[in-house]
Amino acid sequence: MDIFLQQIVNGLVQGSIYALVALGYTMVYGIMGLINFAHGEVVMIGTLTAITVAGSLLAAGMPPALAGLAALIVATLLCMALGWGLERIAYRPLRNAPRLTPLITAIGMSIILQNLAMILWGRNYQTFPPLFPKVNFELAGVHFTAVQVIIVLLSAATMLSLTLLVYRTKLGMAMRATAQNPAVAGLMGVNSNRVISAAFVIGSALAALAGIMVGAYYEIAHYQMGFMLGLKAFTAAVLGGIGNLLGAMAGGILLGLIEALGAGYIGDLTGGFLGSHYQDIFAFMVLIVVLMFRPSGLFGEKTGDRA
Amino acid sequence: MSDNTNPTHKPVLLAAKQVAKHFGGVKALRDVSLTIRQGEIYGLIGPNGAGKTTFFNCMTGLYIPDGGGFDFTGTPLVADAPDQAAARGIARTFQNIRLFGNMSALENVMVGRHVRTRAGVIGAMFNSAATRAEEAAIRERAMALLHYVDIAERADDLAKNLSYGEQRRLEIARALATEPKLLCLDEPAAGMNATETGELRELIEGIRGDGTTVLLIEHDVKLVMGLCDRVAVLDYGALVIEDVPAVVQNDQRVIEAYLGA
Amino acid sequence: MSIKNWLLPRSTVGIGLIAIALIALPFALATGGQAWVRIANFAILYVFLALGLNIVVGLAGLLDLGYIAFYAVGAYTWALLASPHFGLHLPVWAILPIGAACACVAGVLLGSPTLKLRGDYLAIVTLGFGEIVRIFMNNLNAPINITNGAQGITLIDPVKIGDFSFAGNSTIFGLTLSGPQKYYFLLVALALLVIVVNLRLQNSRIGRAWQAIREDEIAAKAVGINTRNVKLLAFAMGASFGGIAGGVFAAMQGFVSPESFSLIESVMILAMVVLGGMGHIPGVILGAVLLAILPEALRYGVAPLQQLLFGKVLVDPESLRMLIFGLALVLVMRFKPAGLWPAPERKAHGNPNPEEGRA
Ligand SMILES: Nc1ncnc2c1ncn2[C@@H]1O[C@H](COP(=O)(O)OP(=O)(O)OP(=O)(O)O)[C@@H](O)[C@H]1O
Ligand SMILES: [Mg+2]
């Protein structure tokens, strides 16, 4: 039972991070039908930037809280610029190209960002500087750290603000309208370029935040970390129903839970045949099962191709 | 009009039974029932958004109806199986032409032969005699169909480079290549001038003359009334009337449907 | 058809010249060392792989990002059935078909639930599948040691036909051939085979069905193509070719480990198909040869060049090479979406109708 609760907590933390990243995928997909493969790379750049900024500020004697704030701001701004540039330079010229074209471009951008990061930060693992107090709590036999609490609370707050943005502001309305029907939204005076840029920028800001969380949680980062994270976050988005914001959040948390419980129990389930290093396969199993039985995800509406 | 043939004596080819389809709140089809008899040219008309194309899509298995179904040659059509509908003998064209753009006109029609031929990958890899013979037959038949719709000289051009009228004809040739019992045309005359429409009319009459039943969606009322043996009118997804053109033309509800739209 | 025109050059002289060049190449390369012959061998292996993937991506338009998984299945099948690991040493005529069949089964298993989905979902699922296969290869060393984990499997048997082994030197008709040179000719033969298969499939009933699905899936359904089965067939065919290539790879190397089958390899092969000219056989060959040689050229060129310019190696040649791949993908999609050497008929006419992008 303790393991169970412990894994629930771990899953919740991991799931909050997935949810933040999944939101970026879902917004872009919902509005322009593109799987932005490079999104995971944006997360990675966020983490590594934060490490560099916070690390050097700490070394210069700045208090951790300030250094952390500065790292957050710099990483977020950089990622927003990156997301914006990505769309402008790579995807926008392909707006009317056949579907596979932007997908391949996205793969190309992902490779470029990964290797740029490798050139800038090197092949080795980077350690995340100690920004948060190393406090441990225990409640009903379950252990958790300050970082875990912060991650869950911060992502909950972020998701709440995003929901308000999308459902209560003009920009949000324009985004929803464009996702529904770009042509009609255009006729009603929505500037679709601006909406798409906004989706990329907001998604990238969330990615930066998620990136810092991953870094703080695992205390380690690497130029290849974005790929698997991105893939899983995309899975979360599909699980929740791609294009659906609430779905992405729920899908992220759910995937985090599935993974944590799966990793905790896979040994027992398979009679010790498979160990916890198979954790990564759960996401894909989930993806395949969801696509088989409910391709529109848990919360998505059923849509068909128009013939 | 063909007053001399009394269609009510012909066997039923297709019977739609209470077909319903909705998209979210939009009721695109409301329990539509109608019967098409063998050898007819049957017109399906109605204002924009009346559900005509949706009817086609349900019939050809591209959409799954939310209620009701179709009998074809006396046996039910399997929903959600467009390839089976084609194999049973229903062929169609699309309102917004859907050709295989980067394939030649000839290849487009050859694809239409797919459902009536058998060759598999093994035969193709070893280039067996049977495969070669079938391939030659496919090519010959496809070429003949291009001649039939009068675009044989464009055989080797990519479909996307054909003119609009040629594309419409190519789509019909591709549909005919599947040897349909029922040929469904979705607004084939859209965007055509008077001469082209005249040629199209001859083509459709020729196809019927060869024994193929034709179901025609068309906005050109003159064409429909002149060409069709019977006409059904849809409005807001519901069947308004199904009768010979002379009756339909003078029906008060039909006039209202069109004026109201 | 233009493709035919190209591959069946008007003059037999053309064929003769190509044949002579292909025969002379390994001897010319050997003067620079066997390493060059090995590079050529890998280039041809990539041609084989790329043409296998071309069936899936180029003809049928299915974006398969896990192609390397099938290659891995083939390689491991060979490694397990012809090495001291299990003490099995099956003959080539048994292993190669088994490898192809295993890869084919893997393809069908993966394809059947996913192929009815939209194209971009397929991309992500295949990508995930490639990772699953790699994770299993990495970890299936305990509790039962099947794959030997990250260490991989060594001492794999070379290709042997009867008593004739492709490893080590041997003398044929008074000509001494090294191991790599013998593999070279084997690979050329395999590549020719896959070219012929590609050509024949392209102009066959099924090949046309694949292209029809690529062009417009809904229209393809409406003319009676069972798109799910036909797509599955493309997937299975591509997977089988991947399996064969993997087997040859394992035998040629004498060693396999999960490291050779990372996602980036899948992307590389896809890049070969896409950059060369999706669906256009000469283009795909060009793409494969270019991208297989490029890293070697970079390896031998970039580091010394940086030495010369800056006095030290500033940028790791490996990441520079990947950077160039990435850039090439992006730029080609932007400026030459049909590839560097597209089928001539498509060249002049810009984008196909934009509707194709969104349905
Ligand atoms: N795939 C779909 N998703 C959502 N709504 C749809 C879809 N297909 C059709 N509709 C809606 O169903 C209704 C009927 O459309 P349909 O295309 O069948 O009309 P139609 O009679 O063919 O009109 P037109 O003469 O303009 O072609 C319309 O309101 C349309 O918007
Ligand atoms: Mg219509």
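Only a predicted model underlies this, so the values are computations on that prediction, with no experimental measurement involved.

Novice: Any chance you could explain the overall build of chain C here in plain terms?
Specialist: A tally of helices and strands in chain C yields 14 helices and six strands. Its C-alpha atoms give chain C principal-axis dimensions of about 55 × 50 × 50 Å.

Novice: Quick question: what am I supposed to make of the domain arrangement of chain B here?
Specialist: Many analyses report the size of an interface as the accessible area lost when the parts associate. Residue and element names in this part refer to chain B. You can read the domains of chain B as domain 1 (7–89 + 180–260) and domain 2 (104–177). A straight line from the C-alpha centre of domain 1 to that of domain 2 covers 27 Å. On the side of domain 2, eight residues touch domain 1, which itself brings nine residues to the contact. Contributions of two or more residues to the side of domain 1 that touches domain 2 are made by helix H2 (82–88) and helix H7 (194–209). Taken together, the residues of the side of domain 1 that touches domain 2 sort by class into seven nonpolar, one polar and one charged.

Novice: Looking at this structure, I do not really get the pairing of strand S3 (residues 142–145) of chain A. What am I missing?
Specialist: Regular strands show a simple pattern: their side chains alternate between the two faces of the sheet. Residue and element names in this part refer to chain A. Here strand S2 (residues 136–139) runs beside S3; their pairing, made up of four bridges, is antiparallel. If you follow Glu138 over to S3, its bridge partner there is His143. Between the antiparallel neighbours S2 and S3 lie two residues, among them Ala140 with a positive phi of about 50°.

Novice: Quick question: what am I supposed to make of the environment of Phe255(C) here?
Specialist: Residues and elements named next belong to chain C. Of note, Phe255 is situated in the loop between helix H10 (227–253) and helix H11 (263–277). A C-alpha to C-alpha distance of 20 Å links Phe255 and Phe241, two positions 14 residues apart in sequence. The contact partners of Phe255, leaving out residues within four places of it in the chain, are Gly152, Thr154 and Ile156.

Novice: What's the story with the interface of chain A and chain C in this structure? I'm lost.
Specialist: Listed per partner, the contact involves 40 residues of chain A and 41 residues of chain C. Contributions of two or more residues to the side of chain A that touches chain C are made by helix H4 (100–121), helix H9 (225–240) and helix H11 (279–293) of chain A. Taken together, the residues that form the side of chain A that touches chain C break down as 28 nonpolar, eight polar and four charged.

Novice: Can you walk me through the sheet that holds strand S1 (residues 12–23) of chain B in this structure?
Specialist: Note: strands within a sheet are paired through backbone hydrogen bonds, in either parallel or antiparallel orientation. Residues and elements named next belong to chain B. Within the open sheet, the four strands sit side by side as S2-S1-S4-S5. Their pairing is antiparallel. Strand pairing shows two members of the sheet lacking a second neighbour, strand S2 (26–37) and strand S5 (75–76), which therefore form its edges. Alignment of S1 against strand S4 (residues 67–72), held across five bridges, turns out to be antiparallel. Bridge pairing in S4 links Ala20 to Gly67. Each of S1, S2 and S4 is contacted by helix H1 (residues 52–59), which is oriented at about 65° to S2, the strand it contacts most.

Novice: What is the right way to look at the site of ligand 1 in this model?
Specialist: Residues and elements named next belong to chain B. Neighbouring ligand 1 are 14 residues; Phe23, Ala28, Lys52, Thr53 and Thr54 lie closest to it. Among the elements of the structure, S2 and H1 are those that each provide at least two residues to the shell around ligand 1. Among the elements that take part in the shell around ligand 1, H1 stands out by supplying three residues, more than any other. Residues of the shell around ligand 1, tallied by class, amount to four nonpolar, eight polar and two charged.

Novice: Explain the sheet that holds strand S3 (residues 41–45) of chain B here, please?
Specialist: Residue and element names in this part refer to chain B. Taken in spatial order, the six strands of this open sheet run S6-S7-S8-S3-S9-S10, and their pairing is mixed. Each edge of the open sheet carries a strand with a single partner, namely strand S6 (90–92) and strand S10 (238–243). Going from strand to strand, the sheet's axes swing by 20° on average, the running direction of each strand aside. As judged from the four bridges shared by S3 and strand S9 (residues 230–235), these two strands associate in the parallel manner. Residue Gly43 lies in a different strand from S9, and its bridge partner there is Val231.

Thresholds applied
- Residues numbered from 1 in each chain as written.
- Chains lettered and ligands numbered in written order.
- Predicted model: local features only at pLDDT ≥ 70, side-chain atom pairs only at ≥ 80, totals over all residues.
- Helix = DSSP H or I, 4+ residues; strand = E, 2+ residues; numbered from the N terminus.
- Domains from an automatic or database assignment.
- Contact = placed C-beta atoms within 7 Å.
- Nonpolar A, V, L, I, M, F, W, Y, C, P; charged D, E, K, R; others polar.
- Pairing = 2+ DSSP bridges.
- Axes fitted to C-alpha atoms, helices over the stretch in contact; angles between N-to-C directions.
- Near = placed C-beta within 6 Å.

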